[in-house]
Amino acid sequence: MIRESVIRDAVDITVDMTGERVRRIVWRLHANTALFFTDHYVTRVGLTARLCAEAEAACAATARAGGVPAPEVIASGYLPDGSGYLLCRAIAGWPPRRAAALSAAGGLLARLHQLDRSAFPVDQHSRRRRRERFAIAG
C-alpha cells in the first residue's frame, strides 16, 4: 500500500519544481513505482523496490546520448522516507495510441541493446536477478 506521506511528498516536490498542478496519479497494487503527472512533467517514485535516483538518471542520460528517446531527467533525489524519485519532462505522444507506435518500440529496444553497456551503472543492480538480466541483455 502506498503511504499517504509518500503521495503528499511526491506531489509537493512535483508542484514546487514545476509550478504545475498534479493532474493524475497512477499507482497499482503491487507496482514498483507510482507516477505523478502534470501537463508537461512526470515524477516517478519508487515504492516496493527502492529506486536508485542516481542510477536511473544516469541510465536515461546514457540512452538519450545513444539516440534512444528516454525521458529527460530534470531532477532526481529522495523523499523524506528514503523513496527515490525522478522528475522528467513528459515525452510527447506517450503513451502511444496507435499500433504503429508500439511496433516502433521494438526498434528502439534493439537500439538500446546496441549501446555500450559499460556506460550503464550496473553496480547499482544489487539484486542477483537484475544482474543476470543485465548480463543477458548485453
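Residues numbered from 1 in each chain as written. Predicted model: local features only at pLDDT ≥ 70, side-chain atom pairs only at ≥ 80, totals over all residues. Heavy atoms only, no water.

(A) The arrangement of the environment of Arg-89 in detail. Mapped onto the elements, Arg-89 comes out in strand E5 (residues 84-89). Taking the C-alpha atoms as reference points, Arg-89 and Ala-75, separated by 14 residues in sequence, lie 9.7 Å from one another. Separated by 3.3 Å, the side chains of Arg-89 and Tyr-41 make a polar contact. (Helix = DSSP H or I, 4+ residues; strand = E, 2+ residues; numbered from the N terminus. Polar contact = N/O pair within 3.5 Å; in protein donor to acceptor, adjacent residues only side chain to side chain.)

(B) Molecular detail of the environment of Gly-107. Mapped onto the elements of the fold, Gly-107 is located in helix H3 (residues 99-114). Taking the C-alpha atoms as reference points, Gly-107 and Val-68, separated by 39 residues in sequence, lie 9.7 Å from one another.

(C) View of the pairing of E5. In terms of residue burial, E5 counts as a mostly covered element, since five of its six residues are buried. Direction of pairing for strand E3 (residues 41-46) relative to E5: antiparallel, over a ladder of five bridges. Of the residues in E5, the one forming a bridge with Val-45 is Tyr-85. Taken together, the six bridges between strand E4 (residues 72-78) and E5 define a ladder with antiparallel strand orientation. Pairing of Ala-75 across the sheet is with Leu-87, part of E5. (Buried < 20%, exposed > 50% of the residue type's maximum accessible area, 1.4 Å probe, protein only. Pairing = 2+ DSSP bridges.)

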